Amino acid sequence: MKILITKPVPEIAIGMLKAQGYTLTVIDDHKLLTPAELIELSQQHDALLCVGFYRLDEAFFKACSHLKVVSLFSVGYNNVDLVAATKFGIPVGNTPDVLSNATADTAFLLMLATARKAFYMHRRVLSSEWKSFSAVANLGVELDNKTLGIFGLGRIGTAMAKKCKGAYNMQIIYHNRHQNKEAEKLLGATYVSFDELLQQSDVLSVHAALTPETKEIFNNEAFNKMKPGAIFINTARGELHQEQHLKEALLKGTIWGAGLDVTNPEPMEADNPLLFMPSVAVLPHIGSATVEARNGMAVYAAENA
Ligand code: DGY
């Protein structure tokens with residue numbers, strides 16, 4: 001059996017798959033395959049271990065209906081047409097759990113960095129603007145006893161809520177498709193409507209999956225309902241927020257700050273005005289980028305394959 005791996009993965013996965021006697025083709029880290037190249041290469045293999053956010057649509061599954069499995073190196077699967085995969089009888093695997101802690105850490109990091117304008121202040125040091133002490137300039141906000149709103153209280157949302165409760169005694173409210181009774185018990189979290197989440201959150205952290213229902217749900221209408229002092233955090237998928245609307249909300253002071261590990265579109269251009277705003281922190285989709293999480297994802301993806 002031959003497995004196509006679309007980017008290098010931690011060695012542990014390579015060892016596991018080779019030990020099973022599989023032949024592996026690993027594509028170079030910087031090579032981005034075109035849809036046609038991905039199909040052509042997949043046609044020469046029995047299975048696909050998909051690293052990176054390649055669109056696996058109906059056309060792909062139709063052309064590659066021979067595949068025995070598609071194993072994703074991600075928890076998110078919004079890039080995959082599961083209806084088409086099912087139609088062609090191809091099982092698709094993802095990597096939940098193992099990256100929850102790392103991703104929640106990234107949300108926490110962005111929350112604190114945004115609250116203290118840390119990335120902006122770092123840029124000021126780099127550009128020789130650190131001159132003297134000021135008692136009034138560039139003040140941040142504190143997080144103790146504030147309300148944390150979680151949009152999507154699943155594994156990652158719960159890990160973020162736990163950290164915020166432990167560190168700052170934040171009150172937890174959340175909005176989900178279904179109530180999460182277990183997390184309510186664990187965190188003392190309160191289920192609220194989407195509007196209440198917007199209206200009551202001091203920090204609103206997004207952890208939901210990208211679906212047709214959640215696409216750009218954080219838009220003008222949503223930002224207008226938020227508190228002027230609110231911080232918006234997105235470590236899930238960039239397309240959950242409408243980025244132009246987010247920019248306007250920050251410029252007008254409709255909300256106070258934003259911390260993004262995911263952007264819409266991705267990657268973000270280097271001259272994007274968001275990158276120069278004081279209470280904005282942006283990272284390049286590194287939520288799961290720890291040794292522990294990536295090794296966990298590697299084992300999971302190899303086992304799935
Ligand atoms: C995922 O797993 O979905 C992340 O976004 C990539 O690490």
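Look up a bit, the structure's there.
Residues numbered from 1 in each chain as written. Predicted model: local features only at pLDDT ≥ 70, side-chain atom pairs only at ≥ 80, totals over all residues. Heavy atoms only, no water.

(A) Region of the structure containing the sheet that holds strand E5 (residues 92–93). The strand order across the open sheet built from five strands is E2-E1-E3-E4-E5, with neighbouring strands paired in parallel fashion. If you trace the sheet from one side to the other, it starts and ends with strand E2 (23–26) and E5, each paired once. Sheet analysis places strand E1 (residues 2–5) next to E2, joined by four bridges and oriented parallel. Opposite Lys2, over in E2, you have Thr23 as the bridge partner. Along the sheet, helix H12 (residues 291–304) makes contact with strand E3 (47–50), strand E4 (69–72) and E5, crossing E4 at roughly 170°. (Pairing = 2+ DSSP bridges. Helix = DSSP H or I, 4+ residues; strand = E, 2+ residues; numbered from the N terminus. Contact = heavy atoms within 4.5 Å. Axes fitted to C-alpha atoms, helices over the stretch in contact; angles between N-to-C directions.)

(B) Local environment of the layout of surface pockets. If you add up the space inside the second largest pocket, you get close to 460 Å³. What lines the second largest pocket is a set of 16 residues, among which Met121, Ser132, Ser134, Ala137 and Asn138 lie closest to the centre. (1 Å grid on protein atoms, 1.4 Å probe; cavity = no way out; pocket = protein on both sides within 12 Å on 5 of 7 lines; lining within 4 Å. Points joined across faces, edges and corners; volume = space filled by probe spheres on them.)

(C) The arrangement of the site of the ligand in detail. Neighbouring the ligand are Phe53, Ser74, Val75, Gly76, Leu99, Arg237, His285, Ser288 and Met297. The separation between an oxygen atom of the ligand and a polar side-chain atom of His285 is 2.7 Å. Out of a free accessible area of 230 Å², the ligand has 89% covered by protein chains. Taken together, the residues that form the shell around the ligand break down as four nonpolar, four polar and one charged. (Near = heavy atom within 4 Å. Polar contact = N/O pair within 3.5 Å; in protein donor to acceptor, adjacent residues only side chain to side chain. Areas by Shrake-Rupley, 256 points an atom, 1.4 Å probe, with all protein chains shown as cover. Nonpolar A, V, L, I, M, F, W, Y, C, P; charged D, E, K, R; others polar.)

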